Amino acid sequence: MQFFIEVLIGGLLSGVMYALVALGFVLIYKASGVFNFAQGAMVFFAALTFVGFQEVLPGWLGLEADSSGVFWLAFLLAFVAMIVLGSLTERIVLRPLVNQPHITLFMATIGLTYVIEGLAQMTWGATVRGLDLGIVDEPIAWLMDNYEIGVSKFDLFAAGVAASLVALLALLFQYTKVGRALRAVADDHQAALSIGIPLQTIWRVVWAVAGFVALVAGMIWGARNGVQFALTFTALKALPVLILGGFTSVPGAIVGGLIIGASEKLAEVYVGPMVGGGIEGWFPYMLALAFLLVRPEGLFGEKHIDRV
């Protein structure tokens, strides 16, 4: 039983990391109706920009490489870079394609993926880099000593960051003027325009927030697996999360992430040996496909009924 709990907790905490990436998809899709396939590339760009600034700032400013000042200044500069990237994307890619078919917008974000990937590697290089957040990936001693359950400090830290980010986004959407404008745009673009809400400004805000989410997700995933091109594939891990939770729901991204993370880990440990291993690679997609047949709009998505 203790081993089952340990596996389940590990899966849930991993699911929170998937949900971080899914949040970026949800924010952009909710406000603009665009499925941003470039979100994985944005995660890679953000993480690579952060470690890139960490490398060059000590030489520019004469600071110690491991000082907190370098860390936070690199974080701020990477965040500014993501705001600029989001603003340029909205202005150059999204705005000219307003009112175009969804497939056109989707294909544009696929092209944007390769542009962002190339820009990141052209600017900072393609070398695999480590990223240290100061949190060691080792079991929490108290849980191990008292209950013999191994829960990683890093996974718990990542879950805490994700929970804080979700709470912050919930407050933003619910209690601020910008949040109310975001919800209005999400409900109906034309109605929002008719009451004076500047659509382009709201889209820029959404892309900036999605850029911040990508930066946080990139730092956590980069600290776990290294900052490398493989970070772009985190977008594929987020797809089953979105299908289960719903493409327009922030809470759905979290719940979907928890379900995918837990089921993937349990399947890997208990079913994997019976099928020769590798089940963690395809099981989330099989689960998402089965879920599509039952509730295609997701757990928290809005159900659309076509009227003839």
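Relevant structure appears above.
Each chain has its residues counted from 1, running along the sequence as written. Owing to the predicted nature of the model, reporting of local features is limited to residues with pLDDT of at least 70; listing and counting of side-chain atom pairs is limited to 80 or more, with chain, interface and lining totals taken over all residues. Excluding hydrogens and water, the side-chain values take into account all heavy atoms of the structure.

We now examine the overall build of the chain. A count of helices and strands for the chain gives 12 helices and 0 strands. Reading the secondary structure of the chain in the N-to-C direction produces α-α-α-α-α-α-α-α-α-α-α-α. The globule rule used here is 2.2 Å times the number of residues to the 0.38 power, and the radius of gyration it is set against is calculated over C-alpha atoms. Its C-alpha radius of gyration of 20 Å places the chain within 12% of the 19 Å reference for a compact globule of 308 residues. When its C-alpha atoms are laid out on the principal axes, the chain stretches across 60 × 60 × 35 Å. For every residue, the accessible area (1.4 Å probe, protein chains only) is compared with the maximum for its type, and the residue is labelled buried under 20%, exposed over 50%, or partly exposed between those bounds. Burial statistics for the chain: of 308 residues in total, 46% are counted as buried. Two residues qualify as a contact provided that any one of their heavy atoms is within 4.5 Å of a heavy atom in the partner residue. At a minimum sequence separation of 6, the contacts of the chain that also span at least 24 residues come to 73%. Surface accessibility of the chain: about 15100 Å² in total, with carbon and sulfur atoms responsible for 66%. Charged-residue counts in this description rest on Lys and Arg as positive and Asp and Glu as negative, His and the chain ends being excluded. Where a charge lies is defined by one atom per residue type: Lys uses NZ, Arg uses CZ, Asp uses CG and Glu uses CD. Charged side chains of the chain number 15 positive and 20 negative; the gap between the two group centres comes to 14 Å. Each helix is a run of H or I in the DSSP string that is no shorter than four residues. Each strand is a run of E no shorter than two, and both are numbered from the N terminus. The protein chains shown are the only cover counted for residues, whose accessible areas, like all others here, come from Shrake-Rupley with a 1.4 Å probe.

Further remarks concern the layout of surface pockets. Its volume calculated, the second largest pocket comes out at about 330 Å³. Using a grid of 1 Å spacing that covers the protein atoms alone, one calls a set of points a cavity when a 1.4 Å probe fits there but cannot get out, and a pocket when the set is open and has protein on both sides within 12 Å along at least five of seven lines; lining residues are those with an atom within 4 Å of a point. Lining the second largest pocket are 19 residues, with Tyr-18, Trp-221, Asn-225, Lys-237 and Glu-264 positioned closest to its centre. Secondary-structure elements contributing two or more residues to the lining of the second largest pocket are helix H1 (2-32), helix H9 (199-225), helix H10 (234-245) and helix H11 (250-271). The nonpolar class holds Ala, Val, Leu, Ile, Met, Phe, Trp, Tyr, Cys and Pro. Asp, Glu, Lys and Arg form the charged class, and all remaining residues, Gly among them, are polar. In the lining of the second largest pocket, the residues fall into 6 nonpolar, 7 polar and 6 charged. Grid points are joined across faces, edges and corners, and a volume is the space filled by probe spheres set on the points.

A pair can form between side chains of opposite charge whenever their charged atoms are brought close. Counted as salt bridges are all cases of a side-chain nitrogen of Lys or Arg within 4 Å of a carboxyl oxygen of Asp or Glu. As enumerated under the stated definition, the model contains 6 salt bridges in all. Notably, a salt bridge pairs Arg-224 with Asp-155, separated by 2.2 Å at the nearest N-O pair. Residue Arg-224 is found in helix H9, and its partner Asp-155 is found in helix H6 (residues 153-175); the two are separated by 69 residues along the sequence. For Arg-224, a relative accessible area of 28% corresponds to the partly exposed category.

Turning our eyes to something else, we now look at empty space enclosed by the protein. Using the criterion set out here, one finds 2 cavities of 30 Å³ or more in the structure. What lines the largest cavity is Val-34, Val-93, Leu-94, Leu-97, Leu-105, Ala-108, Thr-109 and Trp-207. When residues of the lining of the largest cavity are traced back to their parent elements, those giving at least two are helix H3 (68-94) and helix H4 (102-124). In terms of residue count, H4 provides more of the lining of the largest cavity than any other element does, 3 residues in total.

Let us look at the environment of Asp-66. Following the sequence through the fold, Asp-66 ends up in the loop between helix H2 (39-61) and H3. Of the residues examined, Asp-66 reaches a relative accessible area of 72% and is grouped as exposed. Through-space distance from the C-alpha of Asp-66 to that of Gln-200 is 40 Å; in sequence the pair is 134 residues apart.

Two joining distances apply to patches: 9 Å for like charges and 5 Å for nonpolar side chains (Val, Leu, Ile, Met, Phe, Trp, Tyr), and every residue must have over 30% relative accessible area and no salt bridge. A grouping of Met-1, Phe-3, Phe-4, Tyr-270, Val-271, Met-274, Val-275, Trp-282 and Met-286 is seen on the molecular surface, where their side chains present a nonpolar patch of about 950 Å² in accessible area. At the level of elements, H1, H11 and helix H12 (279-294) are the ones that each hand at least two residues to the nonpolar patch. Positionally, Val-271 belongs in helix H11. Taking relative accessible area as the criterion, Val-271 reaches 32% and is therefore assigned partly exposed.

Considering the arrangement of structural elements, one finds Gly-160 in helix H6. Its relative accessible area of 35% is what places Gly-160 among the partly exposed residues. C-alpha separation for the pair Gly-160 and Val-16, spaced 144 residues apart in sequence, amounts to 9.1 Å.

By the secondary structure assignment, Glu-117 is in helix H4. Other than its neighbours up to four places away in sequence, Glu-117 contacts Ala-41, Phe-44, Phe-229 and Thr-232.

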